[in-house]
Amino acid sequence: MTKVNSRRFSRTRFYFLSLIVFQFCLTVEGVWPLPQSTTTSAERYALNPQDFNFNYGKYSSAQQGCSVLDAAFERYFSLIFPDLTSGNGVLPSNEENKFSLVVSVDQEDCESYPNEDSSERYRLSVSARQAALNAETVWGALRGLETFSQLVYQDDFGTFFVNKTEIEDFPRFQFRGMLLDTSRHYLPLQAILRTLDAMAYSKFNVFHWHIVDDPSFPYQSRTFPDLSSKSDVRRVISHARLRGIRVLPEFDSPGHTQSWGKGQSDLLTPCYRGGTLSGTFGPVNPALDSSYWFMAQLFKEVSSVFPDSYIHLGGDEVDFTCWKSNPDVRVFMQKMGFGTDYTKLESYYIENIVNITSALNKTSIVWQDVFDYNEHIPKDTVLHIWRGVPADYKAELSRITKSGHRVVLAAPWYINHIAYGQDWQNSYTVQPQNFSGTEEQKKLVIGGEVCMWGEYVDATNLSPRLWPRASAAAERLWSDEKQTSSVGKALPRLQDFRCKLLRRGVRAEPLFVGHCRHEYQGV
């Protein structure tokens, strides 16, 4: 019988147990945004880039040639296995290292666009040598591919691993938007495309493009070429589609239209000072038939360019000063029986614009000002809440949903406003359905939106101001609220996700003191 040195055995056992704990701690902190249901274990499988492949399931409605998934497979290979040019993580090729991610979808919607009813539900099962991703649509499959990419991690030697995992997932809200303002500062095409990439990493699905405003009109119109300069609108729409992102254009009127007048005479209202023309102009002139003809032609073209069923008509912050000064507008007011109530004039204008877009089979979204002025708008019009502190927007949520209108909440997510410290927590703790109302009313809150207005933002600071702060709102809009109520539990996961963003080329600002493991590899 061999005598065992108990001290050596204890040290060996301690080292072995420590190694297990160490290896387990190397696993990914978690998927962001948090899936609805996740079961994972310490059992893990090495992934070799040379032996990894994507496959379509035998009975999948989508097969090779599906534009959305073929492009996604190529894209996600690079995201799953970053820095391959260095040779890190590459193992000798053999049968034991082969691993397939098999994707199956129920609907063949490869050449379509995502819409308000698109299912993003998916089921992901990771086991030895294979992962099975099942979804109703290609859009759900995209969300599942993003989740799988976040499950993969590397040890200190560069080897890629994924743990045995079961995930059932779907979004809490159908509308998870991000607004970019490309009027107040020029944003290069590549900055917009990179933002769409990062949106997909956080599972945002609506790009609200505030494409025009007072300073500029960067939309290239075929019908009215004098309005604009060259644009890459179609490329943005295509790039977004391949990532399961809808593109919602906003053409805000009657206010915020100073740039429109530079290319379209007689559209804006001439302002008067003391009975004489001042040489300045106000909002769109609501008293002229030509204004509505122009809008009808413009929105007809916009509807043919942007495939989404929604279109944003704005309707906020209309200054009545110029209308009040114009004698022709005052005569029109009397003719229509509006007296001196200029909110009725704005209502008249908005009702006409909504009717134009309704005739084009588009669903209108308007800022909350339109509801606050009591315009008579179709029931299917979506109201966009942007004003106020929590008490104010909660009261507005109650009023609007009581009227039967659907709502998108943006007020708590104006993240162009910055504060010292971890202000992402303010976005994370928002409760979109926490207002006074029935369950039916709360179902009318279809989602929310992060807004990045451009007064102080251009391509130099867009990414670090957006990320990872926008991701806090992304989890609130995707994940179960009860499972994601703790800021303390969210912080290490968000820090890990921020490191993933950095590794993917997104210039995401730090959340606090610390560093990412990949930043010090090889040091």
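Everything numeric in this text was worked out from a predicted model, so none of it was measured. (Residues numbered from 1 in each chain as written. Predicted model: local features only at pLDDT ≥ 70, side-chain atom pairs only at ≥ 80, totals over all residues. Heavy atoms only, no water.)

> Help me understand the nonpolar core, please; the structure alone is not making it clear to me.
A general trend in soluble globular proteins is that nonpolar side chains are found buried together. Membership of the largest hydrophobic core comes to 122 residues, with the highest contact counts inside it found for Leu69, Leu101, Leu124, Leu145, Phe148, Phe207 and Trp467. The residues touching Phe148, leaving out its near neighbours within four places in the chain, are Leu47, Phe52, Ile80, Phe99, Leu101, Leu124, Val126, Ala131 and Val162. Core analysis: the second largest hydrophobic core is formed by 9 residues, Phe320, Met333, Phe338 and Leu345 among them. (Core = buried A, V, L, I, M, F, W, Y, C linked by side-chain atoms within 4.5 Å. Buried < 20%, exposed > 50% of the residue type's maximum accessible area, 1.4 Å probe, protein only. Contact = heavy atoms within 4.5 Å.)

> Would you take a moment to explain the state of the cysteines for this structure?
Any covalent bond linking the sulfur atoms of two cysteines counts as a disulfide. All told, the structure shown has 3 disulfides when counted by the stated rule. Here Cys499 pairs with Cys516 through a disulfide, and the sulfurs are 2.1 Å apart. Its S-S torsion of about -85° marks the bond between Cys499 and Cys516 as left-handed, since a negative value means left-handed. Placement of the pair is Cys499 in helix α17 (residues 487-503) and Cys516 in the segment after α17, with a sequence separation of 17 residues. When sorted by exposure, Cys499 lands in the same class as Cys516, which is buried. When the cysteines of the protein chain that form disulfides are numbered from the N-terminus onward, they connect as 1-2, 3-4, 5-6. (Disulfide = S-S within 2.5 Å. Helix = DSSP H or I, 4+ residues; strand = E, 2+ residues; numbered from the N terminus.)

> I keep staring at the side chain of Glu449 and nothing clicks. Help me out?
Tracing the sequence through the fold places Glu449 in strand β17 (residues 445-452). As a buried residue without a salt bridge, Glu449 has its nearest oppositely charged side chain in Arg246, at a separation of 9.6 Å. There is a polar contact of 2.8 Å between the side chain of Glu449 and the side chain of His208. With residues near it in sequence (within four places) discarded, Glu449 still touches Phe175, Gly177, Met178, Leu179, His208, His384, Val408, Leu409, Ala410, Trp413 and Leu477. (Lys, Arg positive; Asp, Glu negative; His and termini not counted. Salt bridge = Lys/Arg side-chain N within 4 Å of Asp/Glu carboxyl O. Polar contact = N/O pair within 3.5 Å; in protein donor to acceptor, adjacent residues only side chain to side chain.)

> Is there a simple way to explain the pattern of salt bridges in this structure?
Any two side chains of opposite charge can pair, so long as their charged atoms come close to each other. Taken as a whole, this structure holds 15 salt bridges when the rule is applied. A salt bridge links Arg172 to Glu481; the nearest nitrogen and oxygen atoms lie 2.9 Å apart. Taken together, the residues Arg172 in the loop between β7 (160-169) and β8 (175-181) and Glu481 in the loop between α16 (469-478) and α17 connect sequence positions 309 residues apart. Across the pair Glu475 and Arg493 runs a salt bridge whose closest N-O atoms are separated by 2.6 Å. Of the two residues, Glu475 is situated in helix α16 and Arg493 in helix α17; the sequence distance between them amounts to 18 residues. Taking the relative accessible area as the measure of exposure, Glu475 reaches 0% and is therefore buried. Looking at Arg493, the relative accessible area reads 11%, which means it is buried. Ionic contacts of the salt-bridge type, sharing partners, join the residues Glu120, Arg143 and Arg176 into one network.

> Would you take a moment to explain the packing of aromatic side chains for this structure?
Each aromatic ring pair is described using two quantities: the centre-to-centre distance and the angle formed by the ring planes. This structure, assessed with the given rule, holds 27 aromatic pairs. For the pair Phe251 and Phe299, a centre-to-centre distance of 6.3 Å together with 85° between the ring planes defines the contact as edge-to-face. With Phe251 in the loop between β10 (246-250) and α6 (258-261) and Phe299 in helix α7 (residues 289-305), this pair connects stretches of sequence that are 48 residues apart. The burial state of Phe251 is the same as that of Phe299; both residues are buried. Taken together, the ring pairs in this structure connect Phe52, Phe54, Tyr56, Phe73, Phe77, Phe81, Phe99, Phe148 and Phe160 into an aromatic cluster. For Arg44, the ring lying beneath its charged end belongs to Phe161, and the centroid distance is 3.6 Å. Geometry around Tyr201 places Arg504 over its ring, the cationic atom sitting 4.6 Å from the centre. (Phe/Tyr/Trp six-rings, centres within 6.5 Å; stacked < 30°, edge-to-face > 60°. Lys NZ or Arg CZ within 6 Å of the ring centre and 35° of its normal.)

> Is there a simple way to think about the environment of Gly158 in this case?
Take Gly158: it is sitting in the loop between β6 (153-154) and β7. By relative accessible area, which is 7% here, Gly158 ends up buried. Sequence separation between Gly158 and His518 is 360 residues, and the spatial gap between their C-alpha atoms is 9.9 Å.

> Explain the packing of helix α9 (residues 327-336) against helix α10 (residues 342-359) to me, please; I cannot follow it from the model alone.
When two helices pack together, you describe them by how their axes are tilted relative to each other and by the distance separating the axes. Between α9 and α10, whose axes approach to 11 Å, the crossing angle comes to 85°. Here α10 runs roughly perpendicular to α9, going by the angle between their axes. For the pair α9 and α10, contact is made by Val329, Arg330, Phe332, Met333 and Met336 and by Tyr342, Leu345 and Tyr348, respectively. (Axes fitted to C-alpha atoms, helices over the stretch in contact; angles between N-to-C directions. Parallel < 35°, antiparallel > 145°, perpendicular 65-115°, else oblique.)

> Explain α10 to me, please; I cannot follow it from the model alone.
For the α-helix, the turn length of 3.6 residues means that residues three or four positions removed from each other point alike. In a regular helix each residue adds 1.5 Å, so 18 residues correspond to 26 Å; α10 covers 26 Å between its end C-alpha atoms and thus fits that length. All of the buried residues in α10 are Tyr342, Thr343, Leu345, Glu346, Ser347, Tyr349, Ile350, Ile353, Val354, Ile356 and Thr357. Asn361 sits one or two positions beyond α10 and adopts a positive phi of about 60°. (Expected span 1.5 Å × (residues − 1).)

> Mind showing me how you'd approach the confidence of the model for the protein chain here?
Interpreting fine coordinate detail is not advised for predicted regions of low pLDDT. Per-chain confidence: the protein chain averages 89 in pLDDT, with 88% of residues scoring 70 or above. Overall, residues 1-28 carries pLDDT values under 50, and its contacts beyond four positions in sequence, including any with other chains, amount to 16 contacts. Note that residues 226-230 has pLDDT below 50 and, in this model, 14 contacts with residues that lie over four places away or in other chains. (pLDDT = per-residue confidence, 0-100.)

> I tried to follow the packing of α7 against α10 on my own but got confused; where do I start?
At their nearest, the axes of α7 and α10 sit 10 Å apart, and the two run at 35° to each other. Two packed elements cross with a definite hand, and for α7 against α10 that hand is right-handed. In contact with Tyr292, Met295, Ala296 and Phe299 of α7, α10 contributes Tyr348, Tyr349, Asn352, Ile353, Ile356 and Thr357. Here the contact of α7 with α10 is built from residues that sort into 8 nonpolar, 2 polar and no charged. (Left-handed = near helix turned anticlockwise from the far one by under 90°. Nonpolar A, V, L, I, M, F, W, Y, C, P; charged D, E, K, R; others polar.)

> What am I meant to see in unusual backbone geometry here?
The phi angle of most residues is negative, glycine excepted, and most peptide bonds adopt the trans form. Between Trp32 and the following residue, Pro33, the backbone shows a cis peptide bond with an omega angle of -5°. Inspection of the secondary structure assignment puts Pro33 in the loop between α1 (6-25) and β1 (37-47). With an omega dihedral of 10°, the bond running from Ser253 to Pro254 counts as a cis peptide bond. Along the chain, the position of Pro254 falls in the loop between β10 and α6. A positive phi angle is found at Arg129, which is not glycine, with a value near 70°. Within the element layout of this structure, Arg129 appears in the loop between β4 (122-127) and β5 (130-135). A residue is classified by how much of its surface remains accessible, and Arg129, at 45% relative accessible area, is partly exposed.

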